[in-house]
Each structure stands twice: as structure tokens, then as C-alpha cells.
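Secondary and tertiary structure notes
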Amino acid sequence: MGALIKHPSDPFLTTESGQGMDYEFHWNVVFQNMPELLNGAFVTLHVSVLAMLLGIVIAILLAIAKMNNSKPYCYIATTWVEIARNTPALFQIYMAYFGLGALGIHLSPYVAVLSALVFINAGYLTETFRGGFQSIPNTQYSASKSLGMTSIQVYRYIILPQMLRRIYHPMTNQFVWSILMSSLGILVGMGELSGTTQRLQSLSFRTLEFFMVAAVMYFIITKLVLISSSLLSRKLFKGEI
Amino acid sequence: MISIQNVHKSFGDLEVLKGVSLDVNDGEVVSIIGGSGSGKSTLLYCINAIENIQKGKIIVDGVDVHSKETNKDKLRQKLGMVFQQWNSFPHMTVLENAALAPRIVKKMSKEEAIEIAKKELVHVGLGDKFDVYPTKMSGGQQQRLAIARALAMKPDCMLFDEVTSALDPELVGEVLDTLRLLADEGMTMICVTHEMGFARDVSDRVAYFHEGVIAEIGEAKQVIIDPQNPLTQKFLSKVR
Ligand SMILES: Nc1ncnc2c1ncn2[C@@H]1O[C@H](COP(=O)(O)OP(=O)(O)OP(=O)(O)O)[C@@H](O)[C@H]1O
Ligand SMILES: [Mg+2]
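Now for a description of the structure that goes with this document. Quick caveat, the model's predicted, so the values are computed rather than measured.

Digging into the pattern of salt bridges
Residue and element names in this part refer to chain A. One pass over the structure, following the stated rule, counts twelve salt bridges over all chains. Residue R199 pairs with E36 through a salt bridge whose shortest N-O separation is 2.6 Å. Placement of R199 in helix α8 (residues 193-204) and of E36 in helix α2 (residues 34-67) is noted, with a sequence separation of 163 residues between them. Note on R199: relative accessible area 40%, which makes it partly exposed.

This is the structure we're talking about:
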């Protein structure tokens, strides 16, 4: 037991001058800059929503390509998915901003972050969509056909509604992930919430205050997304699965 | 009236139906028995145009099932089919399950579709389950839902593919009772079944399938109780 009690001279417990403990919080400057922070939060939401929408569209195409047996499309889709899922998001953003920049293609920080997020979202969502589709038993299709439904009706009324139920929560998670990952925009000087926070704290030196407030704002945004998503799902999906 | 004329069906190199001929009259109940892999399910899928055929003809109410000109979706409205595995639509209530096809395939009004669906659900004994989701029901109830869902399309003929073989033994009775009820009402039925008692008591005729051909066909009691073909005798002595 005694070994667990920290010795007063433990270097991790005290700071020599005591500055760390005596840090004085100054919130005023943070509140004065609230409009800028809110603007940053808006850019964060903006880029995440756009990255999600574009990611969904591309993922639908990639999932179809992957389930299709035509070789070149399937190959492209598989490569995309593998790279997107197995390399760090940070690298994707660096590639889009500095990598393409070195090749003479200069993207704005916003477009670079957006492209990276779209790339990754599409990769993950492809697998989500494919899995969701394949989890619907084939017998649902033959049973529907035997009732005289056309193929389009089978998809419209039987396959897609069931699929949507299964991919809904993974999609929500992906959206939350996008919101949090867009904070990597800080590395390329993007004006989203983290980038804005970084800029403001470097001007005022109120590092802790700014980042704490930004963290709370991220938390509120993602919580709001999760709560509205679950409310919407209750409205959309009445059936049991 | 269903007329099956010298039908041949292959999957790749595997010939599954090797010249099957069978006429089923209106109001007649024909049971198909036979060993696993003998082509019983395949024949039903061919009648319903879910599978194509290589040779021969299947005529349903004067319509050539596999002709290019035939609208398969329209044809399937005349043929109700129930599968071994109950295929309830899990995202819809029992009532929605039964009302969907009348509404979107037959383009009935919502009220009409619901009325027909309710009637057929009561018919199969699910009158108290309209607003339940199928996943909350037993296999026997879901299988009866599948029957009601098919009946709501007012088919001329029903095809049943071993509808009791995936059920727990204590649930088999309620589904067989439903089939018996339909037979008594004069529905034309082709039943692939492993229930020899049902085949004997409910059907008019029984056909014994062996390796893609009908090895024996005749009046139900005679085939089940006193089969003539040695192959049928051997099969029946095994299942008893
Ligand atoms: N889609 C398919 N592709 C390839 N082979 C198939 C297909 N469907 C069925 N077969 C083969 O055709 C043969 C007959 O199958 P079928 O399902 O008609 O038999 P069955 O008489 O219904 O048997 P069971 O009593 O086991 O249901 C089997 O050898 C089966 O493996
Ligand atoms: Mg079978």
C-alpha cells in the first residue's frame, strides 16, 4: 500500500515554482472572441456535412463497383477502400495539401481537408453499404418476386428500407468521426473550430481557456448530432429488425 | 389449370429435371414427395418463372410461362408461393406485410388493400396480430403470415415448398391445418412435402420424384399406402 502513496518530492506532483498550480484563468478574452469561435464551429459543421454527403455518393458507386464482378471497377474500388481504411487521416490531409502542392496543384486548406475527409468517408461507407446490402437474405428478394413485384419495387419497398436500418447507426458514427477529424485542419491553417482556436490562443496566450471552450463546443456539436440522429431514427424506423 | 410438359432443367452440367410432365386441374391438390436433391423445389421455381427451363413447356391458365412475350411479374400474381423459410418482411407490421403487394402490384387503394389483407389474416388465424411486427411471432405464425400474404393477391394456384420442415415440431400442426383449410375451400395447390400423413389425407394425387423424373404418380392413398414402383416403396419405408 505504502508504495502507492506519492512521496512529496515526486517530480510529477509538484512544479518547482508552483506556476502550474497557480494558473489564473482569464475567460474574458475567450468570450470576446466567441463570434469567431462560433464561425469556426460553423465551418467545422459545414465541411463535415459536405464530406459526408459527397462520401455517401461516392461510397454508393464504390459499393456497386465492388459487388460487381467487372474487374477494373472492382479493382479501383478495392484499392480505394484499402488505402482509405489503413492509412492515417493526417497523411491524407498532408497529401492533399502539401503533396499535391509539391506537384503544383495548390488546394485551399478547406478543399484539402474536404477532399481527405471525402476520401476516407467514402472508403469506410463503401464497406458499410456493402455489408448492409449483403446482410439482407436473398430469400427476401425471391419472396417479393413471387408476389408479383417488379425488381424496382423489391428494392424500393423491401431491400433498401431494411438496408437503411442497418447502415443508419454506422453512418451516424462516421459523421461524428468526420466532425472530430476535421480538427486536423489545424495543421494546414484551416479556419474551422480548431484552426480558429489555435490562431486566437496564439494571439492572446490563453491557451487552456480557448482549447477548453473549443472542446466543450465539439462535445455539444457531436452530442446534438447523436441526439437528433436517434430521434430521427425513432421516427423513421418503427419496425423491429 | 397448370400443364407441365416434358420439362428439362439444368444448372450448368447438372440436369436436375429430366423430362417432367404433370397436369394439375383447377381445385386439385397434388403433393410432391421424394428424396433430397431430386428436383422438387426446382420444379416449383420453374412453374413460378423464378428459374428458366431448357426444354419443354409449362402452361398456366393458357399462358406459356417461359415464353419471351410473357410478363413474368403479371404471371406471378396468379401463382402464390410459400417457401420453406418464412420470409416475413421484418420492417413492416403483419398487416402491412399482407397489404403491400395488393397495394403496389395490383394498385388497389389503401383501404381496399387493407380490407383484403385483414380478411386473409383472419382466414389463417392471425386476426389478433395486425399491428405486431413479424419478428415477435413464432415460426408457425410467420409461416401463416406468408400464406395470408400470398392469398391476399387472390392467386389461382398456390405452390408450397416444404412449408413445415423448418418449423419446431409443435408448430407444424397449425400450418398444416391452414393448408388443409385451403384445400377444403377448393384452392388449386402443389405441395412439396415431407409430411406423408398430410400428403395421404389432404391431397388428391401424390407424385414421387426420383432423380429428376416422376417415378410414380397416382391417387394419394394408393401411392402412400400401396406404392407400385420399388423406388417409391424403398423411399416410403425409409421415411416411415
Ligand atoms: N441455383 C442452383 N444452382 C445450382 N444447382 C442447384 C441450384 N438449385 C438447385 N440446385 C441443385 O439441383 C438439385 C435439385 O435441387 P432441389 O432444390 O430442386 O431439390 P429438392 O428435391 O427440393 O431437395 P430438398 O428435399 O433437399 O429440398 C440439387 O442437386 C441442387 O444442388
Ligand atoms: Mg427443396
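Let's talk about the interface of chain B and chain A
Taken together, the contacts link 25 residues of chain B with 21 residues of chain A. When the two sides are added together, the surface that chain B and chain A hide from each other amounts to roughly 1900 Å², 63% of it contributed by carbon and sulfur. One salt bridge in this structure joins K145 of chain A and D73 of chain B, with 3.2 Å as the shortest N-O distance. The set of elements that each furnish at least two residues to the side of chain B that touches chain A consists of α2 (72-78), β6 (79-82), α3 (94-104) and α5 (139-151) of chain B. Broken down by class, the residue content of the side of chain B that touches chain A amounts to 14 nonpolar, six polar and five charged.

Focus: the site of ligand 1
All names here are of chain B. Ligand 1 sits among 13 residues. The nearest are S36, G37, K40, S41 and T42. G37 places a polar main-chain atom, nitrogen or oxygen, 2.8 Å from an oxygen atom of ligand 1. A distance of 3.2 Å is found between an oxygen atom of ligand 1 and a backbone nitrogen or oxygen belonging to S38. With the chains in place, 60% of the 630 Å² that ligand 1 exposes on its own is no longer accessible. At the level of secondary structure, the elements contributing two or more residues to the shell around ligand 1 comprise β2 (14-24) and α1 (40-47). Among the residues making up the shell around ligand 1, the classes are represented as three nonpolar, eight polar and two charged.

Concerning the environment of E216 of chain B
All names here are of chain B. Relative to the helices and strands, E216 is located in strand β10 (residues 213-219). Dropping the residues within four chain positions of it, E216 is found in contact with V206, A207, Y208, Q222, V223, P227, Q228, N229 and T232. From its side chain, E216 meets the backbone nitrogen of Q228 in a polar contact 2.9 Å long. Among the polar contacts listed, one links the side chain of E216 to the side chain of T232, at a separation of 2.7 Å.

What about the nonpolar core?
All names here are of chain B. Ranked by internal contacts, the top residues of the largest apolar core, which has 38 residues, are V82, L121, I147, M158, F160, L179 and M189. Breaking this core down by element, the ones donating at least two residues are α3, α4 (110-123), α5, β7 (157-161), α6 (169-184), β8 (188-192) and α7 (196-202). With seven residues, α6 is the single largest residue contributor to this core. The residues contacting F160, other than those within four sequence positions of it, are L44, V82, I147, L179, L182, M189, I190, C191 and V192. Membership of the second largest hydrophobic core comes to 28 residues, among which are V24, I47, L79 and M81.

Focus: the side chain of Q141 of chain B
For Q141 of chain B, the location among the structural elements is in helix α5. Here Q141 of chain B is in contact with L126, K129 and E174 of chain B, once residues within four sequence places are set aside.

Focus: the packing of aromatic side chains
By the definition in use, this model includes ten aromatic pairs over all chains. Ring plane angle 40° and centroid distance 5.1 Å describe the contact between Y208 of chain B and F235 of chain B, whose orientation is recorded as tilted. With Y208 of chain B in strand β9 (residues 205-210) and F235 of chain B in helix α9 (residues 230-239), this pair connects stretches of sequence that are 27 residues apart. On the accessibility criterion, Y208 of chain B (4% relative accessible area) is buried. Its guanidinium or amino end placed over the ring of Y157 of chain A, R156 of chain A lies 4.4 Å from that ring's centre, counting from NZ or CZ. Sitting above the plane of the F11 of chain B ring, K9 of chain B keeps its charged end 4.7 Å from the centroid.

The rules behind each value
- Residues numbered from 1 in each chain as written.
- Chains lettered and ligands numbered in written order.
- Predicted model: local features only at pLDDT ≥ 70, side-chain atom pairs only at ≥ 80, totals over all residues.
- Heavy atoms only, no water.
- Salt bridge = Lys/Arg side-chain N within 4 Å of Asp/Glu carboxyl O.
- Helix = DSSP H or I, 4+ residues; strand = E, 2+ residues; numbered from the N terminus.
- Buried < 20%, exposed > 50% of the residue type's maximum accessible area, 1.4 Å probe, protein only.
- Contact = heavy atoms within 4.5 Å.
- Buried area = accessible area lost by both parts, 1.4 Å probe.
- Nonpolar A, V, L, I, M, F, W, Y, C, P; charged D, E, K, R; others polar.
- Near = heavy atom within 4 Å.
- Polar contact = N/O pair within 3.5 Å; in protein donor to acceptor, adjacent residues only side chain to side chain.
- Areas by Shrake-Rupley, 256 points an atom, 1.4 Å probe, with all protein chains shown as cover.
- Core = buried A, V, L, I, M, F, W, Y, C linked by side-chain atoms within 4.5 Å.
- Phe/Tyr/Trp six-rings, centres within 6.5 Å; stacked < 30°, edge-to-face > 60°.
- Lys NZ or Arg CZ within 6 Å of the ring centre and 35° of its normal.

These results come straight from atomic positions and should not be treated as a statement about function.
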